[in-house]
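# Observations on the model geometry
Below are the chains, spelled out letter by letter.
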Amino acid sequence: MQNNFDWAHGFIINFALSNGASPEAAPIRRFLSQMTGMYADQQAAEALLKYGDPLIYEYYDLGAPDNAGDLAFGSSITYPGKIGDEYFMTKGHLHAILETAEVYNTLSGTGFMLMENGDGDVRLMPLQPGVAVYVPKGYAHRSVNSGSEPLVTFFTLRADAGHDYGTIEAKGFRNLVVERNGRPELVDNPRWK
Ligand code: MN
């Protein structure tokens, strides 16, 4: 099937990412070297980087026009693994238009959506097939893969929302999702500013 992104008249696309049939848009890839400062265990990150630069996650942004009435959508794939005891995760972000919600639906894999707002309200929602997560407006959000397979999600939000990565890069999240006694656990982030 040939993908034809006709935003004005509608379209269908091949979206079977887990079968290797990806949208024609190239994925944006994030390797550990691009986010070492985001993991709590800096020594573990540096030790891993001596042997290579693992791909942590990638996402497809299908390039909706920047209009309030259009819907941006795409897919993110967060790979399984840990830095120290902290699971592989996305950078996480706020929307440039802060008052913008988003829906994530998990296609395969298991993990969590870590969310927090400016008042310090923290929510940890499951990412698993058959469960959709509503990320409310004003909440920073990050996907965390606590499973052993790639975590593949579909997301959609208003097309002109934009992204703010800088706030999280500077402050971090208040909490981390780590493995304790073989299970995922939410703990305080000692490096939160
Ligand atoms: Mn978002």
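Just above, that's the structure.
A brief look at the structure comes next. This structure is a prediction, so every number in the text was calculated from the model and none was measured.

Let us now look at the pattern of salt bridges. Enumeration over the complete set of coordinates arrives at 7 salt bridges. Linking Glu116 and Arg174 is a salt bridge whose minimum nitrogen-to-oxygen distance equals 2.9 Å. Separated by 58 residues along the polypeptide, Glu116 in strand 8 (residues 111-117) and Arg174 in the loop between helix 2 (166-171) and strand 14 (175-180) bring together distant segments of the chain. Between Arg158 and Asp160 there is a salt bridge, with the nearest N and O atoms lying 2.6 Å from each other.

Okay, the coordination of the manganese ion next. Distances from the manganese ion to its protein donors, His93 (NE2), His95 (NE2), Glu102 (OE) and His141 (NE2), fall at 2.0 to 2.2 Å. Written as a sequence motif, the donor residues of the manganese ion are H-x1-H-x6-E-x38-H. In this pair, His93 is assigned in the loop between strand 5 (86-87) and strand 6 (94-95) and His141 in strand 11 (residues 139-145), connecting sequence segments 48 residues apart. Of the two residues, His93 and His141, both sit in the buried class.

With that out of the way, let us pick up the sheet that holds strand 9 (residues 122-127). In spatial order, the strands read 9-8-11; together these 3 strands make up an open sheet with antiparallel pairing. Sheet topology places strand 9 and strand 11 at the edges, where each strand pairs with a single neighbour. Neighbouring strand axes in the sheet, compared pairwise and without regard to direction, differ in orientation by 20° on average. Both strand 8 and strand 11 contribute to a ladder of 7 bridges, which runs antiparallel. Its bridge partner lying in strand 11, Leu114 is registered against Arg142.

Basis of the calculations
Residues numbered from 1 in each chain as written. Predicted model: local features only at pLDDT ≥ 70, side-chain atom pairs only at ≥ 80, totals over all residues. Heavy atoms only, no water. Salt bridge = Lys/Arg side-chain N within 4 Å of Asp/Glu carboxyl O. Helix = DSSP H or I, 4+ residues; strand = E, 2+ residues; numbered from the N terminus. Donors = N, O, S within 2.8 Å, 3.2 Å for Na, K, Ca; no water. Buried < 20%, exposed > 50% of the residue type's maximum accessible area, 1.4 Å probe, protein only. Pairing = 2+ DSSP bridges. Axes fitted to C-alpha atoms, helices over the stretch in contact; angles between N-to-C directions.

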